[in-house]
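Summary of structural features
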Amino acid sequence: MESLIGTCKVNVLALAGWFIVFYLYHGLGITLGYHRLLTHKAFAVPKWLRYLLVLGGYLSLMGAPIVWVGVHRLHHQKSDTKGDPHSPQDGFFHALGGWMDKAKNYQSDGELHRQCKDLLSDPLMRCLGDAHSLKSPIVCLTVSILFRVAIFMFFGPWVLFVNLAATAIVFLSTQLVNSVCHLPSVGYRSYETVDNSKNVWWVGLLSLGEGWHNNHHAIPTSARHGLKWYELDLSWYVVLVLEKLGLANKIICPPERVPVMPPGGTAIHVRK
Ligand SMILES: [Zn+2]
Ligand SMILES: [Zn+2]
C-alpha cells in the first residue's frame, strides 16, 4: 500500500514537471517568440533558437507567425480606435476570440504584407502562411494534432492530458491580454498612453509577463514589460538568462524615465 502511494506521488510530481515544461515552452513561444522577438524585435537570438521559440507558439495554436505579427502590429497602430482588430470597444467576447475569423475585415493581405516585409523574406515563416485564409490555421491545427499524437505514443495519455491543459491555459492567457488588459474597469495604468491599455497582475502571472500591458503599450519595443519590483515578468527573466548564456543580444530596455509614447514608438536604449 505504501509503495503504491509512493508510486502515485512520483507520477503526480512527474506530471507536474511535464505541466511546467509544456506551459513554459508554449507560453514563452508566444511571449518571447511571436511577440517580443518577431513582432517588436526587442532582442536578437541565433536563428535556431528563434525557430525553436516560434515553434512553441505555433504548437499552441497561434497560427502562422506572419499573420499573428501583422495583426499585432495593426493592434499597436490602431489600439482601441476604429481598425483595431481586437479591441473590447467592439465587445468583450469579440476581443476574447470572436475577432479571429474576422481579421481579414480589418487587414487586407496586401496590408499584411506591407506590415511584415521583414518576415516575408524568411522562406520558413512564409511557408507557414502569409495570408488571412483558412489554409494557415488548418495547417497549424494539423501540425499541432500530429505533435500531440507523438506525445501520446511516446509518453502516454496522462502526459497528453497535461499538455492539453497547459496549452488551453496558455492559449486563453493570450486572449486575456487582448481583452481584459484593455478594459476600463480592471487593473491600473502607469503611463497615459493614447489607448485603454491596463496592467493586470493576474493576467501578468498567467501570461508570463504580458499582463503588464500598459507598460508594453507605453514602450512597445522594450524586451522588459514588468517594470516595478512587484510586476513579475518571467519572460524578461528568461531574456536575462539567455543574455548570460550568450544567446541573446541587442536587448532593448526601458529608459530611466518613460515619456508618453505613441503606439508603435521606437527603441530608446539598446544593450549592446
Ligand atoms: Zn494591447
Ligand atoms: Zn506588442
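Right above here is the structure, for reference.
Just so we're clear, the structure is a prediction, and the values are computed from it rather than from any experiment. Position labels on residues start from 1 in each chain and follow its written sequence. Each chain takes a letter, starting from A, and each ligand takes a number, starting from 1, following the order in which they are written. Given that this is a predicted model, residues contribute local features only at a pLDDT of at least 70 and side-chain atom pairs are listed and counted only at 80 or more, while totals for whole chains, interfaces and linings are drawn from all residues. Where side-chain values are given, they derive from all heavy atoms of the structure, hydrogens and water being excluded.

1. Digging into the coordination of the zinc ion (ligand 1)
Tetrahedral coordination by four donors sets the ideal angle at the metal to 109.5 degrees; octahedral coordination by six donors sets it to 90 or 180 degrees. The protein atoms that coordinate the zinc ion (ligand 1) are His75 (NE2), His182 (NE2), His213 (NE2) and His217 (NE2), at distances spanning 2.0 to 2.1 Å. The coordination sphere of the zinc ion (ligand 1) comprises four donor atoms, whose angles at the metal cover 96 to 145°; the geometry is irregular. For each residue, the accessible area found with a 1.4 Å probe, counting protein chains only, is set against the maximum for its type, and the residue is called buried under 20%, exposed over 50%, and partly exposed in between. According to the relative accessible area criterion, His75 is buried, its value standing at 1%. The class for His217 is buried, based on a relative accessible area of 0%. Because water is not among the atoms used, a metal site may look incomplete, as its donors are only the N, O and S atoms within 2.8 Å, or 3.2 Å for Na, K and Ca. In short, tetrahedral needs four donors with all angles between 85 and 135 degrees, square planar needs four and octahedral six donors with opposite donors over 155 degrees apart and all other angles between 65 and 115, and whatever is left is irregular.

2. Points about the nonpolar core
Among buried residues, those of type Ala, Val, Leu, Ile, Met, Phe, Trp, Tyr and Cys that are joined through side-chain atoms within 4.5 Å constitute a nonpolar core. Among the nonpolar cores identified, the biggest contains 44 residues, and Phe43, Ile66 and Ile251 are the most heavily contacted of them. The secondary structure listing takes helices from DSSP runs of H or I that are at least 4 residues long and strands from runs of E that are at least 2 residues long, numbered from the N terminus. Taken together, the elements giving at least two residues each to this core come down to α1 (2-39), α2 (47-58), α3 (65-78), α7 (117-120), α9 (135-155), α10 (157-179), α13 (234-244) and β1 (251-253). One finds Leu176, Val177, Val180 and Val203 within the second-largest nonpolar core, a separate group that totals six residues.

3. Some thoughts on the packing of aromatic side chains
Here a pair means two rings of Phe, Tyr or Trp (six-membered ring of Trp) with centres within 6.5 Å. Their orientation is stacked below 30 degrees between planes, edge-to-face above 60, and tilted elsewhere. Per the counting criterion, the structure on display carries seven aromatic pairs. Relative to Trp68, the ring of Tyr34 lies with its centre 5.5 Å away and its plane at 75°, an arrangement referred to as edge-to-face. Highlighted residues: Tyr34 in helix α1 and Trp68 in helix α3, separated in sequence by 34 residues. Judged by its relative accessible area of 0%, Tyr34 is buried.

4. Some points on the layout of surface pockets
Considering only enclosed or pocket space, the largest pocket measures out at about 830 Å³ in volume. Points on a 1 Å grid, built from protein atoms alone, make a cavity when a 1.4 Å probe fits but cannot get out and make a pocket when they are open with protein on both sides within 12 Å along at least 5 of 7 lines; residues with an atom within 4 Å of a point are the lining residues. Lining the largest pocket are 40 residues, with Met62, Gly63, Trp68, Trp99 and Met100 positioned closest to its centre. Ranked by the residues each element gives to the lining of the largest pocket, the list is headed by α10, at seven residues. Charged means Asp, Glu, Lys or Arg here, nonpolar means Ala, Val, Leu, Ile, Met, Phe, Trp, Tyr, Cys or Pro, and polar covers whatever is left, Gly included. Residue composition of the lining of the largest pocket, grouped by class: 21 nonpolar, 15 polar and four charged. Grid points are joined across faces, edges and corners, and a volume is the space filled by probe spheres set on the points.

5. Here's the deal with a nonpolar patch on the surface
Among the surface-exposed residues, Leu61, Leu141, Ile145, Val149, Phe152, Met153, Phe154 and Phe155 lie close enough to one another that they form a single nonpolar patch of about 840 Å² accessible area. Among the secondary structure elements, Leu61 is positioned in the loop between α2 and α3. Given a relative accessible area of 37%, Leu61 falls into the partly exposed group. Every patch collects residues that have over 30% relative accessible area and no salt bridge, joining them within 9 Å if they carry like charges and within 5 Å if they are nonpolar side chains (Val, Leu, Ile, Met, Phe, Trp, Tyr). To measure how exposed things are, a 1.4 Å probe is used in the Shrake-Rupley method; for residues, cover is taken only from the protein chains shown. Take a side-chain nitrogen of Lys or Arg and a carboxyl oxygen of Asp or Glu: if they are within 4 Å of each other, that pair is a salt bridge.

Distances and angles like these do not, on their own, reveal function.
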